[in-house]
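For reference, the chains in residue letters:
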There are 2 protein chains.
Amino acid sequence: MIINLSEIGRIYSPFKKIEGMPVQPIGAEEVKGEIHVSKEYEKGLKDIDGFSHLTLIYYLHKCEGHNLEVTPFLDNSAHGVFATRSPKRPNNLGISVVQLDKVEGNILHISNVDVLDGTPVIDIKPYVPQLYEKTVKNLKVGWFENKHGDAVNKKADKRFL
Amino acid sequence: MIINLSEIGRIYSPFKKIEGMPVQPIGAEEVKGEIHVSKEYEKGLKDIDGFSHLTLIYYLHKCEGHNLEVTPFLDNSAHGVFATRSPKRPNNLGISVVQLDKVEGNILHISNVDVLDGTPVIDIKPYVPQLYEKTVKNLKVGWFENKHGDAVNKKADKRFL
């Protein structure tokens, strides 16, 4: 099945190129950005200002193609792409949880932005962990186990361009 | 920008129709399902068995079109669609966190499945909350505040068909 999506807006951030970007949200604390939602979708933002955090789905527009096995930024060995958050993946979609600071019409002011400037947004959902957190028991995070702490300072290189 | 995606597999679940489905993951605890990843992507699953939970992005293939304001299952008043998890949204994408029980070749056995049988999967990512949880401070969940507990027993009706 082929699925056609349209962007609903764009994300603007201080990251003009992939190289040097934070590789995960915890490396992007306090980084400010904006989402400019297309005017035609502005009515869909009603009451979004009651939420402190949003989950964004966006299109990794600078990544072309994909690799099925990748050596991610946080490790030295190769893993299947679906066991990583590598951007060079089938369908090239990214997810981030960002902080919503203020809403002005069709513009959302956000923080903790680990996204490239000009990234097309596909969907915006309220972040409500209460809806699934209780189902998460005995969490295991595979090869991230002793690596996720490194994500705070790790920056991207060109490997996924 | 128009974005073309291809399904990477299908999700199979006990839910053959939308009516009567759980509306959120906490209403689907213990519900078993399978993801059949297309053979061409099987190599991308290497090492995924180290993770206990996965984040799925899927296409809500039974929803056509969208409403910008919706009255969600958990409330009696209308909200902007981006302040809800209504499936009838621009681009009709859903996100769920599911438990990974076992991997057999290209088949992932999963639990906590709040997804319709036959749903096309767009992406599979490891669930690693350590990568963003520390950035989430002073959580506010808007109109869900006194409602999210109701999601345990709430079932879907036909309103988003």
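Model, not experiment: these values are computed from the prediction. (Residues numbered from 1 in each chain as written. Chains lettered and ligands numbered in written order. Predicted model: local features only at pLDDT ≥ 70, side-chain atom pairs only at ≥ 80, totals over all residues. Heavy atoms only, no water.)

Moving on: the relation of the copies chain B and chain A. One copy of the chain maps onto the other through a rotation about an axis plus a displacement along that axis. For the match of chain B to chain A, the screw axis carries a shift of 0.0 Å, the RMSD comes to 0.0 Å, and the turn is 180°. On the angle and the small slide along the axis, the relation comes out as a two-fold axis. Measuring from the rotation axis to each C-alpha of chain B, the shortest distance belongs to Asn-4 of chain B, at 2.4 Å. A shared binding surface is used by both copies, with 100% of the interface residues of chain B retained as interface residues in chain A. (Least-squares fit on C-alpha atoms with pLDDT ≥ 70 in both. Contact = heavy atoms within 4.5 Å.)

Residue and element names in this part refer to chain A. Burial analysis of strand β8 (residues 107-111) places 4 of its 5 residues in the buried class, which makes it a mostly covered element. Sheet topology note: the strand β3 (residues 32-37)/β8 ladder contains 5 bridges and is antiparallel. From the neighbouring strand, Glu-34 faces β8, where its bridge partner is His-109. Judged from the 5 bridges that link them, strand β7 (residues 93-104) and β8 form a sheet pairing that is antiparallel. Bridged to Leu-100 within β8 is Ile-110. Linking β7 back to β8 in an antiparallel pair, the connection comprises 2 residues, with Gly-105 at a positive phi of about 60°. (Buried < 20%, exposed > 50% of the residue type's maximum accessible area, 1.4 Å probe, protein only. Helix = DSSP H or I, 4+ residues; strand = E, 2+ residues; numbered from the N terminus. Pairing = 2+ DSSP bridges.)

Listed per partner, the contact involves 76 residues of chain B and 76 residues of chain A. Of the roughly 7,200 Å² buried between chain B and chain A, counting both surfaces, carbon and sulfur atoms make up 63%. Counting across the chain B and chain A interface gives 4 salt bridges. As a salt-bridge pair, Lys-137 of chain B and Glu-29 of chain A come within 2.6 Å of each other at their nearest N and O atoms. Summed over the shared surface of chain B and chain A, the number is 32 residue pairs in polar contact (both at pLDDT 80 or more). (Buried area = accessible area lost by both parts, 1.4 Å probe. Salt bridge = Lys/Arg side-chain N within 4 Å of Asp/Glu carboxyl O. Polar contact = N/O pair within 3.5 Å; in protein donor to acceptor, adjacent residues only side chain to side chain.)

On to the pattern of salt bridges. All told, the structure shown has 19 salt bridges over all chains when counted by the stated rule. One salt bridge in this structure joins Arg-10 of chain B and Glu-7 of chain B, with 2.9 Å as the shortest N-O distance. What makes Arg-10 of chain B partly exposed here is its relative accessible area of 24%. Residues participating in the shared-partner salt-bridge network are Arg-89 of chain A together with Asp-123 and Lys-125 of chain B.

Nothing here speaks to function; it is geometry throughout.
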